[in-house]
Amino acid sequence: MQLGMIGLGRMGANMVRRLMRGGHACVVYDLNADNVKSLEKEGAGASTSLKDLAGKLERPRTVWMMVPAGAPTEKTVSALGECLEEGDVLIDGGNTFYRDDVRRAKALRARGIHYVDVGTSGGIWGIDRGYCMMIGGSREAVSRIDPLLKTLAPGIGSIERTPGRERKGGTAEQGYLHCGPVGSGHFVKMVHNGIEYGIMQAYAEGFDILHDAASEDVPEDLRYTLDMADVAEVWRRGSVVGSWLLDLTAMALLESEDLSDYSGFVQDSGEGRWTIMTAVERAVPVAVLSAALYTRFRSREKSAFSEKVLSAMRHKFGGHIERPAGG
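In what follows, the accompanying structure is described. (Residues numbered from 1 in each chain as written. Predicted model: local features only at pLDDT ≥ 70, side-chain atom pairs only at ≥ 80, totals over all residues. Heavy atoms only, no water.)

## Quick notes on the pairing of strand β4 (residues 62-65)
Every other side chain in a regular strand lies on the same face of the sheet, so the side chains alternate between the two faces. Put simply, the test is: Burial classes: relative accessible area under 20% of the type maximum marks a residue as buried, over 50% as exposed, and values in between as partly exposed (1.4 Å probe, protein chains only). Only DSSP runs of H or I with at least four residues qualify as helices, and only runs of E with at least two residues qualify as strands; both kinds are numbered from the N terminus onward. When DSSP finds at least two bridges between two strands, those strands are taken to pair. Call a crossover right-handed when, viewed with both strands pointing away from you, the route from the first strand across the helix to the second goes clockwise.
Across the two faces of β4 the burial is the same, with Thr62 and Trp64 and Val63 and Met65 all buried. The pairing of strand β1 (residues 2-6) with β4 spans three bridges and is classified as parallel. Following the sheet pairing, Gly4 is matched in β4 by Val63. Two strands pair when backbone bridges link them, and β4 and strand β5 (residues 89-92) are joined in this way by four bridges, in the parallel orientation. Residue pairing for β5: Met65 is matched across the bridge by Asp92. Handedness of the β-α-β unit built from β4, helix α4 (residues 71-83) and β5 comes out right-handed.

As structure tokens, then:
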């Protein structure tokens, strides 16, 4: 299948590579011409503008955006609305607020252009592990792009099947899910990221307690000097708190047990805030998720070891570079 990909950052470029490995043809565009040239050398078709990209795609076209949420995405959607035609499919795989999806889809629908939102998780590891995708859009449009989704998704792999799952069917255990109409994919991804904040915060606080166990403020007979990398490693083996985030934490602690390479300045990328806003609107109590978000705000003033753990996890799964210490 042919696809036009706009946005060749950490995830967009690797998604193109995974698709080309799977036999799909990709035409690419990015504001950074060097990113385009790099993928052109690997077999992708190059384009110099959105109009040029649209002109190099067979009709009906399929275009996927991996562009930062907010103004960059808004500008790109508006420009593509002038380049695409009836029957084309426009996919937003970035971290867009779901209400913006609904608004944009209505505007494009008037021109006969299908809009699909795909909440995409996988970070810098997705090229090999595959990408977990939560999808919103019409059944017609989502069915058409299924070959792309199937290639990008991780598949069942070595994960043990949920007992009875074979009776339910569907694509969820393949790593991608058509959640419902436009906006539903990014809605599910928004909550996914809110939960991610909470899980990461729990690990960070736990390791902060372990780190503090050696403090001189603790009575000597209750003082423990613990090997954090070893604790993380043993928890990976059969513990109920095992997870991929713990795997990444174990990697970071093995590289630097005091995490001196991390400032502890922890950004939030938007979805955590949107999750809390939505919970407030609907009167749903989310004490853990709220606290996790507020901790990220606090980290920008004074960072503790727990925030360094958060920084390390974000860097490991998504390649996020935090502000250097003292910066």
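## Considerations on the pattern of salt bridges
Test applied: A side-chain nitrogen of Lys or Arg and a carboxyl oxygen of Asp or Glu constitute a salt bridge if their distance falls within 4 Å.
What the rule picks out here adds up to 19 salt bridges. Of the charged contacts in the structure, one is a salt bridge between Glu85 and Arg61, with a shortest N-O distance of 3.6 Å. With Glu85 in the loop between α4 and β5 and Arg61 in the loop between α3 (50-55) and β4, this pair connects stretches of sequence that are 24 residues apart. Exposure remark for Glu85: the relative accessible area of 34% places this residue in the partly exposed category. As a salt-bridge pair, Asp100 and Arg103 come within 3.2 Å of each other at their nearest N and O atoms. With Asp100 and Arg103 both in helix α5 (residues 98-109), this residue pair falls three residues apart, about one helical turn. Under the relative-accessibility criterion, Asp100 is labelled partly exposed at 24%.

## Examining α5
Put simply, the test is: Here the expected span of a helix is defined as 1.5 Å times the quantity of residues minus one. By arc we mean the arc of the directions from the helix axis to the C-beta atoms, nothing more. Two residues qualify as a contact provided that any one of their heavy atoms is within 4.5 Å of a heavy atom in the partner residue.
Between its first and last C-alpha atoms α5 spans 16 Å; for twelve residues at 1.5 Å apiece the expected length is 16 Å, and the two agree. Of all the positions in α5, only Tyr98, Asp101, Arg104, Ala105 and Leu108 are classed as buried. The arc that holds every buried residue of α5, seen down its axis, measures 115 degrees, which confines them to one face. α5 presents Lys106 and Ala107 as exposed residues on the side facing more than 90 degrees away from its buried surface. Against α4, β5, β6 (114-121), α10 (184-212) and α13 (271-281) lie the buried residues of α5.

## Here we look at the sheet that holds β4
Strand pairs in the sheet, formed through backbone hydrogen bonds, run parallel or antiparallel to each other. In plain terms, the rule: Note on method: axes are straight lines fitted to C-alpha atoms, helices fitted across the in-contact stretch only, with angles between N-to-C directions ranging 0 to 180 degrees.
Sheet architecture is open: eight strands sit in the order β3-β2-β1-β4-β5-β6-β7-β8, paired in mixed fashion. Strands at the two margins of the open sheet, each flanked by one partner only, are β3 (45-46) and β8 (176-180). Sheet analysis places β1 next to strand β2 (residues 25-29), joined by five bridges and oriented parallel. The residue bridging Ile6 from the neighbouring strand is Tyr29, located in β2. Across the face of the sheet, α5 comes into contact with β5 and β6 while running at roughly 150 degrees to β6.

## Comments concerning the packing of aromatic side chains
This is how it is decided: Only the six-membered ring of Trp is used, alongside the rings of Phe and Tyr, when aromatic pairs are assigned; centres must lie within 6.5 Å, and planes under 30 degrees apart are stacked while those over 60 apart are edge-to-face, with the rest tilted. Only lysine NZ and arginine CZ atoms are considered, and such an atom sits over a ring when it is within 6 Å of the ring centre and within 35 degrees of the ring normal.
Inspection of every chain in the model, using the stated rule, returns six aromatic pairs. Where Phe207 meets Trp235, the ring centres are 5.4 Å apart and the plane angle is 55 degrees; that geometry is what we call tilted. Of this pair, Phe207 sits in helix α10 while Trp235 is found in helix α11 (residues 228-236), placing the two residues 28 residues apart along the sequence. Exposure remark for Phe207: the relative accessible area of 0% places this residue in the buried category. The class of Trp235 is partly exposed, set by a relative accessible area of 30%. Ring pairing ties together the aromatic residues Phe97, Tyr98, Phe187 and Trp274, which thus form one cluster. Sitting above the plane of the Trp244 ring, Arg129 keeps its charged end 4.0 Å from the centroid. The ring of Tyr197 carries the charged tip of Arg296 above its face, separated from the ring centre by 3.7 Å.

## Concerning helix α15 (residues 305-318)
Its 14 residues place the ends of α15 20 Å apart at the C-alpha level, agreeing with the 20 Å of an ideal helix rising 1.5 Å per residue. Most of α15 sits inside the fold, with twelve of its 14 residues counted as buried. Taken together, the buried residues of α15 touch α1 (10-21), α10, α11, α12 (244-255) and α14 (287-299). At the C-terminal side of α15, Gly319 shows a positive phi close to 70 degrees.

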